[in-house]
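Summary of the model geometry
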Amino acid sequence: MMATDGGGASVGFDVVAEADRIARVAAVLLDAGYAQCAYVGCRQWVRPRYLYCKRHAIEVGLVDGCGLCQGITASGKPCSRVTAHPSGYCWQHRRGQGGD
Ligand SMILES: [Zn+2]
Ligand SMILES: [Zn+2]
């Protein structure tokens, strides 16, 4: 067996290539007029007229009359859809409520 002088050379993940890939994706999105959500730590790409992604726009109170759906998904998690319906449920969960 040959001896390695370095150590730590067996990284199965090329950080430089990954950074390059991310930079390229970002360049394409920026070129298309997209911007990243202004919420700290959020990496959602949004159209420039929206400062925040849907979820964070609601969280910071930018969207009036909208809210996250009160429904629970099939997997038992809170629904992440945004709804402006007075019932507080998205279209999908309204159907499950026996509606009007
Ligand atoms: Zn966001
Ligand atoms: Zn829902």
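What this report covers is the structure whose coordinates are included nearby.

Basis of the calculations
- Residues numbered from 1 in each chain as written.
- Chains lettered and ligands numbered in written order.
- Predicted model: local features only at pLDDT ≥ 70, side-chain atom pairs only at ≥ 80, totals over all residues.
- Helix = DSSP H or I, 4+ residues; strand = E, 2+ residues; numbered from the N terminus.
- Buried ≥ 20, exposed ≤ 12 C-beta atoms within 10 Å, placed from the backbone.
- Contact = placed C-beta atoms within 7 Å.
- Expected span 1.5 Å × (residues − 1).

Side note on the overall build of the protein chain
- A tally of helices and strands in the protein chain yields three helices and four strands.
- Starting at the N terminus and walking to the C terminus, you meet the elements of the protein chain as α-β-β-α-β-β-α.
- Across the 100 residues that make up the protein chain, the buried fraction comes to 8%.
- Taking the intrachain contacts of the protein chain between residues at least 6 apart in sequence as the baseline, contacts between residues at least 24 apart amount to 4%.

A look at helix α1 (residues 15-31)
- Taking 1.5 Å per residue as the helical rise, α1 with its 17 residues ought to reach 24 Å, and the 24 Å between its terminal C-alpha atoms agrees with that figure.
- Taken from the residues just after α1, G33 is the one with a positive phi, measuring 90°.

Thoughts on the environment of Y89
- You can see Y89 is positioned in the loop between β4 (82-83) and α3 (91-95).
- Residues Y89 and G67, spaced 22 residues apart in sequence, show a C-alpha to C-alpha distance of 8.8 Å.

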